[in-house]
Amino acid sequence: MAMLRGRGYASVNYPTGMNLGGDPSQALIHSTTMGNFVVSLSSVDVGQGLKTVITQCAAETLGLPCENVIIDTADTDTGPHCMGTFASRGTHRVGNAVIMAAEEARQVMLEVAAEELEVDAADLEPDGTGYIRLKGAVEKKIHVSEVALAAHFKRGRTISGRGIFLKEKSDPVPETGEMDPDSCQAHACTVADVEVDDETGEVRVLELHNVYEIGRALNPAIATQQVEGGAWMGMSHALFETTEPYYPLRDHGPASFTEYLIPGPADIPVQESVFLERPAASGPYGAKGIGEMTANPPIAAIANAIFDACGVRVDTMPFTPERVLRGLDALRSGDRAAESTSS
Amino acid sequence: MASQVIALVVNDEEREFIAKPGTSLLSGLRDSLGLTAAKRGCAQGGCGACTVLVDGKAVLSCLLAVETINGATVRTLEGVAADGQLDEVQSAFLDGFATQCGFCTPGMIMAAEALLDRNPDPGEDEVAEAISGNHCRCTGYRPIMNAIVDAARRRREARAAAGAPARVSEEVA
């Protein structure tokens, strides 16, 4: 009896968004009296970090610090329309809409600043710290809070902007099947190192090495967390999770998502994650979606690593000790027909 | 059975509230005392998001009938940075980006506080065991485990520099 080591590899191409019957998201942005910019959305942050990334997109476009951006979202009664948080679309769709809205608001901000400074708006630029400065004469400047006050109480201007990103509906060409279903595709691969106990059938994932090409990682810390948390979920799909019973009676299996087994902190592998940044033309500052794809490649990589370790070709998730042992038994008995563990 | 007055020392303050029989400590904290850091996740002891300290031990507050601990000393996440200063565990979580959506974080931090008080220098296996009752669905656990090891180091160094005993509870005793 032995602990058998193996290495497996798998890749994924993953679409950012889908075209549905047309897939839009909208954003509205306006300045408060004190020069903070409220971004109104109905897009939902379920913990993936959308509000953080949208704050970055708005601040970058306005040329202001992130502290000047307030995200007001997830009330579909009052926010402008968003199709939702799915299909790895949030950063791409909402980011593009927010950039469009922020560009319009920035133009008004510069126009009001120009009137206050008695210069041409085209000669002004925000410096990223809260001031708007005359290009080439940096001592001539005005703070965004003064611009906002002047707009509200002196000049009767709304510093605001509207944005929408629409992925138009795309029907397949009947003759060829050709269509344009997504906005761009992200690419990734994972290499898994596993250890298989040929006595118990238990599989342990030792290491996961992830490489992701996701356009631009707008927030590298969140992107890394998404890759490694997603890889953990993939490992969980591969080895642990099922709501289907292992035994004939359904009573013996977990009946809901609160009861099934998932890997805990003692089950985690060492992970290494690398990004290749090739900005996407359609993405906000080049970003592609990264949400769903991260759970995909670890599953096939682990299956391939199990094959490399012990010769068992598992094809039904999760790769439980029982399924691995059945595969090993089949190999040992030389029963090639029963080698698949799918039965 | 009638409702009864429950008296607890919560985050160093004497608090009283009326509870029906079977009321969980979590419900008492959240619904009667307005302390919402401890989260109601699964409400059946499976996720650990409701973890608080009762007399220094990490417990699942959703499973604990509050009348059975009348008079106990309770610490929640609100009591960890009561003076507005993040402690070593919180700082290490922040610096190590050991949160993502944040729902598990209060329970993780309280489980870590209990661990560091009984073991100021835990190994990775001991950290894993200490948070094995706490689910995280975002991070894959690695940043959380790293943060707890880092917090232990920060606390050992801070307490050694201050000439304090390694365990916070030894000061009280």
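For the structure, see preceding data.
Conventions we followed
- Residues numbered from 1 in each chain as written.
- Chains lettered and ligands numbered in written order.
- Predicted model: local features only at pLDDT ≥ 70, side-chain atom pairs only at ≥ 80, totals over all residues.
- Heavy atoms only, no water.
- Buried < 20%, exposed > 50% of the residue type's maximum accessible area, 1.4 Å probe, protein only.
- Helix = DSSP H or I, 4+ residues; strand = E, 2+ residues; numbered from the N terminus.
- Contact = heavy atoms within 4.5 Å.
- Phe/Tyr/Trp six-rings, centres within 6.5 Å; stacked < 30°, edge-to-face > 60°.
- Lys NZ or Arg CZ within 6 Å of the ring centre and 35° of its normal.
- Pairing = 2+ DSSP bridges.
- Axes fitted to C-alpha atoms, helices over the stretch in contact; angles between N-to-C directions.

1. Thoughts on helix α3 (residues 144–153) of chain A
So, step 1. Residues of α3 of chain A that are buried: V144, S145, V147, A148, A150 and A151 of chain A.
So, step 2. Looking at the buried residues of α3 of chain A, the elements they touch are β2 (23–31), β3 (37–40), α2 (90–117), β6 (131–134) and β7 (137–143) of chain A.

2. Structural notes on the packing of aromatic side chains
So, step 1. According to the stated counting rule, one finds one aromatic pair over all chains in the structure shown.
So, step 2. Between W232 of chain A and Y141 of chain B the ring centres are 5.7 Å apart and the planes differ by 75°, which places this aromatic pair in the edge-to-face class. In this pair, W232 of chain A sits in helix α4 (residues 220–239) while Y141 of chain B sits in the loop between α4 (124–130) and α5 (142–161), so the two residues belong to two different chains.
So, step 3. On the basis of relative accessibility, which here comes to 1%, the residue W232 of chain A falls in the buried class.
So, step 4. You can call Y141 of chain B buried: its relative accessible area is 0%.
So, step 5. Above the ring of F86 of chain A, the side-chain terminus of R89 of chain A is found at 5.3 Å from the ring centroid.
So, step 6. R313 of chain A extends its terminal NZ or CZ atom over the ring of F307 of chain A, reaching a point 4.0 Å from the ring centre.

3. Remarks on helix α1 (residues 25–32) of chain B
Residue pairs three or four apart in sequence face the same way in an α-helix, which turns once every 3.6 residues.
All names here are of chain B.
So, step 1. Turning to α1, its buried residues are L25, L26, S27, G28 and L29.
So, step 2. In this structure, the buried side of α1 is in contact with β1 (4–10), β2 (13–19), β3 (51–54) and β5 (73–75).
So, step 3. Residue G34 follows α1 closely and has a positive phi angle near 70°.

4. Re the sheet that holds β6 of chain A
Residues and elements named next belong to chain A.
So, step 1. Overall, antiparallel pairing links the three strands, which are arranged β5-β6-β7 in an open sheet. The outermost strands of the open sheet, each flanked by one partner alone, are β5 (124–126) and β7. Pairs of neighbouring strands in the sheet enclose a mean axial angle of 35°, with direction left out of account.
So, step 2. Bridge count for β5 against β6 is three bridges, and the pairing is antiparallel. Its bridge partner being in β6, P126 is matched across the sheet by I132.
So, step 3. With respect to the sheet, α2 is in contact with β5, β6 and β7, its orientation differing from that of β5 by roughly 125°.

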